[in-house]
Amino acid sequence: MNGTKAGAAHRSFHSGDPDFDRVTCPDCDKADLEVVSLFGGATSEVLFRCNACTSCFNWIKWQGALPPSAHGGN
Amino acid sequence: MAYKVAELETSLNSGLEADFVAIADTKLVLGNWYAECVMNGRSLPDFAGILGMCTVNYGHTRAIYQHLDRHGHDYVHLERGRGAGKIHSMNLLDQPPEGWEEFIVTAWLAELATWQLVSGYLGHSDRSIAGIARKIGEEAYFHLKYAHGWMHIIGQDADERARFLAAVDQRYPLALQWFGAEDNDDPVHAAGQRDMPVAKLRAAFAAEAGKVGDHLGGDPVALPAPVPPPTAWRDDARRSGPLPNGLFEVVRFKDPELAH
C-alpha cells in the first residue's frame, strides 16, 4: 500500500523537514503527516498525506522564509 | 502637495541598475538552463520542480525589466533588443553541463549567488526594489532546498559525489568571480543603495557554498581557491566577454513577427 522501500525512504526524508514542522491536517488537525511530493497541484505547493485520517492535501510553501544571507537567517 | 505620476519616474542609481541587470540577465539564462535540462530530470517531481524554477526565474527577470522600464529603460529593448555582448549574465552559465551532477552544481551556485547579491537590497527605501529582493529570496529558498535534496542523494554514491565535486572545482570560482575582487571599492554601498558592501555578500556566498560537505553528508569539503578575473573583465557587467554564440541562440528572443 505504501509503495517501494525507496519511495518510503524518500517520503520519510522530507517528512522530517523542519520547514514542515507546523503543518497540520486541515481535516483532523493532526500533525502525523508524510510528504507525498515536494510539488503538489502547483510547484508552489507540497502534497501531504495525513497518517491519522488518510486524507491528502496541498500546502503552500511560501511562509516568508529566506535563505541565509549576510543579514543572518530568516 | 500635488504631483504628477511622471514625476515619480526618477532614474535609478547606475550601480544599482548594473546589479539588477546582471541579476535579471543571469536569471534569464538560468531559466533557459532549466528549460533545456528539464527532460534530464530523474522523476516526475524533477520535471515539475525544474519547470517551476524555470518559470519563476523568468518571472524574476520580467519583474526587474519592468521595474527598469519604469525608470527610463525600454522593456522591449531589454527583452529583445540586445546582442550577445550586451547581456550581462554570469560567466558560470556560459558552458552547458556535461551531466546531472554538474547541472545541480551550476543551478545551486547560480541561485545562491543571485540571492546573495539581491539580498543587499532587502532594506532599500524603494519598496518595489525591496519587494523584488524579498520575493526572489522566498522563491530561491525552495530552489536551494531542491538543490540540497539532490546533494543529499548524490552524496550517497561515490562516483556521483566525485563528479559533483569535480564540477564544484570548475564552477565555484566562476560564481565567486561574479561578486568582483574581495577588496574592490563598492560605490553602490557607499551611495547608500545597497545596505551591505559587496565584500560581505561575497563572504556570505562563500560561507554558504562552504557547506557543500554538510549537504553531501560526508567529510568537510575544501572549496577551490578564488581565480582572479580575466583581463577582459567588465565590472559593470559582472562578466568577461560576450555570451557564446550557441548560448545566445538559445537565450535570445525571436523577432516578434517570426514568433507565431
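Just so it is clear, the model here is predicted, and its values are computed rather than measured. Throughout this description, residue numbers start from 1 for each chain and increase along the sequence as written. Chains and ligands are labelled sequentially in the order written, the chains with letters from A and the ligands with numbers from 1. At least 70 in pLDDT is required for a residue's local features to be given in this predicted model, at least 80 for side-chain atom pairs to be given and counted, and no such filter applies to totals for whole chains, interfaces and linings, which use all residues.

Asker: What am I meant to see in the overall build of chain B here?
Answerer: Each helix is a run of DSSP H or I of at least 4 residues and each strand a run of E of at least 2, with the numbering of both proceeding from the N terminus. Per the secondary structure count, chain B includes 10 helices and two strands. Put simply, chain B runs from its N terminus to its C terminus through helices and strands in the order α-α-α-α-α-α-α-α-α-β-β-α. Here the C-alpha radius of gyration of chain B, 18 Å, is about what a compact globule of 260 residues would show, namely 18 Å. Radius of gyration means the value over C-alpha atoms here, while the globule rule gives 2.2 Å times the residue count to the 0.38 power.

Asker: So what exactly am I meant to see when it comes to the overall build of chain A here?
Answerer: Counting its secondary structure elements, chain A contains one helix and three strands. In chain A, the succession of α and β elements from N to C terminus is α-β-β-β. This entry defines residue contacts through backbone-placed C-beta atoms, with two residues in contact when those atoms are within 7 Å. For chain A, long-range pairs separated by at least 24 residues make up 23% of all intrachain contacts whose partners lie at least 6 apart in sequence.

Asker: Where do I start with the packing of helix α4 (residues 100-118) of chain B against helix α6 (residues 158-177) of chain B in this structure?
Answerer: Helix-helix packing is characterised by the crossing angle of the two axes and by the distance between the axes. All names here are of chain B. An axis is simply a line fitted to the C-alpha atoms; with a helix, the fit covers only the stretch in contact. Between two such axes, the angle follows the N-to-C directions and lies from 0 to 180 degrees. Remark: α4 packs on α6, axes separated minimally by 8 Å, with the N-to-C direction vectors making an angle of 35 degrees. By crossing handedness, the relation of α4 to α6 is classed as right-handed. In this structure, α4 uses E101, E102, V105, T106, L109 and A113 to contact α6, whose residues at the interface are E160, R163, F164, A167, V168, R171, Y172 and A175. Its residues assigned to classes, the contact of α4 with α6 shows eight nonpolar, one polar and five charged. Less than a right angle of anticlockwise turn of the near helix away from the far helix marks a crossing as left-handed, whereas a clockwise turn marks it as right-handed. Ten residues, namely Ala, Val, Leu, Ile, Met, Phe, Trp, Tyr, Cys and Pro, are considered nonpolar, four, namely Asp, Glu, Lys and Arg, are considered charged, and the remaining ones, Gly among them, are considered polar.

Asker: Before we go on, may I ask you to explain the pairing of strand β1 (residues 33-37) of chain A in this structure?
Answerer: Here is the key point about a regular strand: its side chains alternate between the two faces of the sheet. Residue and element names in this part refer to chain A. Three exposure classes are used, all based on how many other C-beta atoms lie within 10 Å of a residue's own C-beta (placed from the backbone): buried at 20 or more, exposed at 12 or fewer, and partly exposed between those limits. Burial of β1 is extensive: four of the five residues sit out of reach of the surface. Should DSSP find at least two bridges between two strands, the strands are taken to pair. The sheet contact formed by β1 and strand β2 (residues 45-50) spans four bridges and is antiparallel. Within β2, the position partnered with L33 by the bridge is C50.

Asker: Just checking my understanding: could you explain the packing of α4(B) against helix α5 (residues 127-154) of chain B for this structure?
Answerer: Residues and elements named next belong to chain B. Contact pair α4 / α5: the axes reach a minimum separation of 9 Å and the direction vectors enclose 150 degrees. In terms of orientation, α4 and α5 fall into the roughly antiparallel class. Note that α4 runs across α5; the crossing there is left-handed. For the pair α4 and α5, contact is made by E101, I104, A107, W108, E111, L112, W115 and V118 and by A133, I136, G137, A140, H143, L144, A147, W150, M151 and I154, respectively. Class assignment of the residues belonging to the contact of α4 with α5 gives a composition of 14 nonpolar, two polar and two charged. Angles below 35 degrees are treated as roughly parallel, those above 145 as roughly antiparallel, those between 65 and 115 as roughly perpendicular, and all remaining angles as oblique.

Asker: Looking at this structure, I do not really get the nonpolar core. What am I missing?
Answerer: For soluble globular proteins, the rule of thumb is that nonpolar side chains tend to be buried together. Buried Ala, Val, Leu, Ile, Met, Phe, Trp, Tyr and Cys residues form a nonpolar core when they are connected through C-beta atoms within 7 Å. The biggest cluster of nonpolar side chains holds 66 residues, and the ones touching the most others in it are B:L92, B:I104, B:L109, B:A110, B:A113, B:A175 and B:L201. For B:A175, the residues in contact, after removing those within four places along its chain, are B:M90, B:L92, B:L109 and B:A113. Counting nine residues, the second largest nonpolar core, distinct from the first, contains A:L38, A:V46, A:F48 and A:C50.

Asker: Quick question: what am I supposed to make of unusual backbone geometry here?
Answerer: Excluding glycine, most residues fall at negative phi; most peptide bonds, likewise, are trans. Even without a glycine there, the phi angle at A:T54 is positive, about 65 degrees. Along the chain, A:T54 turns up in the loop between β2 and β3 (56-60). The class of A:T54 is exposed, set by 10 C-beta atoms lying within 10 Å. The phi dihedral of B:R238 is positive, around 55 degrees, even though this residue is not glycine. Looking at the secondary structure, you find B:R238 in the loop between β1 (233-234) and β2 (239-240).

Asker: For this particular structure, what's the right way to read the sheet that holds β2(A)?
Answerer: Two pairing modes exist for strands in a sheet, parallel and antiparallel, and in both the strands are linked by backbone hydrogen bonds. Residues and elements named next belong to chain A. If you trace the three strands from one edge of the open sheet to the other, you get β1-β2-β3, paired in antiparallel fashion. The outermost strands of the open sheet, each flanked by one partner alone, are β1 and β3. The mean inter-strand angle of the sheet, taken between neighbouring strand axes irrespective of direction, is 40 degrees.

Asker: Help me understand the pairing of β2(A), please; the structure alone is not making it clear to me.
Answerer: Residues and elements named next belong to chain A. Only one face of β2 is covered, namely the one carrying V46, F48 and C50; the face carrying E45, L47 and R49 has none of its residues buried. As judged from the five bridges shared by β2 and β3, these two strands associate in the antiparallel manner. Note that in β3 the partner of R49 across the bridge is C56. Linking β2 back to β3 in an antiparallel pair, the connection comprises five residues, with T54 at a positive phi of about 65 degrees.

Asker: Please explain the environment of B:L51 as it appears in this structure.
Answerer: Residue and element names in this part refer to chain B. Looking at the element boundaries, L51 is found in helix α2 (residues 44-69). By the C-beta count within 10 Å, which is 16 here, L51 ends up partly exposed. C-alpha of L51 to C-alpha of A113: the two residues are 62 residues apart in sequence and 20 Å apart in space.

Asker: How do you make sense of the confidence of the model for chain B when you look at a structure like this?
Answerer: Atom-level detail of predicted coordinates should not be read off regions where pLDDT is low. All names here are of chain B. Known as pLDDT, the predictor's per-residue confidence is scaled from 0 to 100. Looking at chain B, pLDDT values average 92 and 94% of them are 70 or higher. When mean pLDDT is compared element by element in chain B, α4 scores highest at 98, while helix α10 (residues 245-251) scores lowest at 90. Reported confidences for the modelled complex are a pTM of 0.90 and an ipTM of 0.87.

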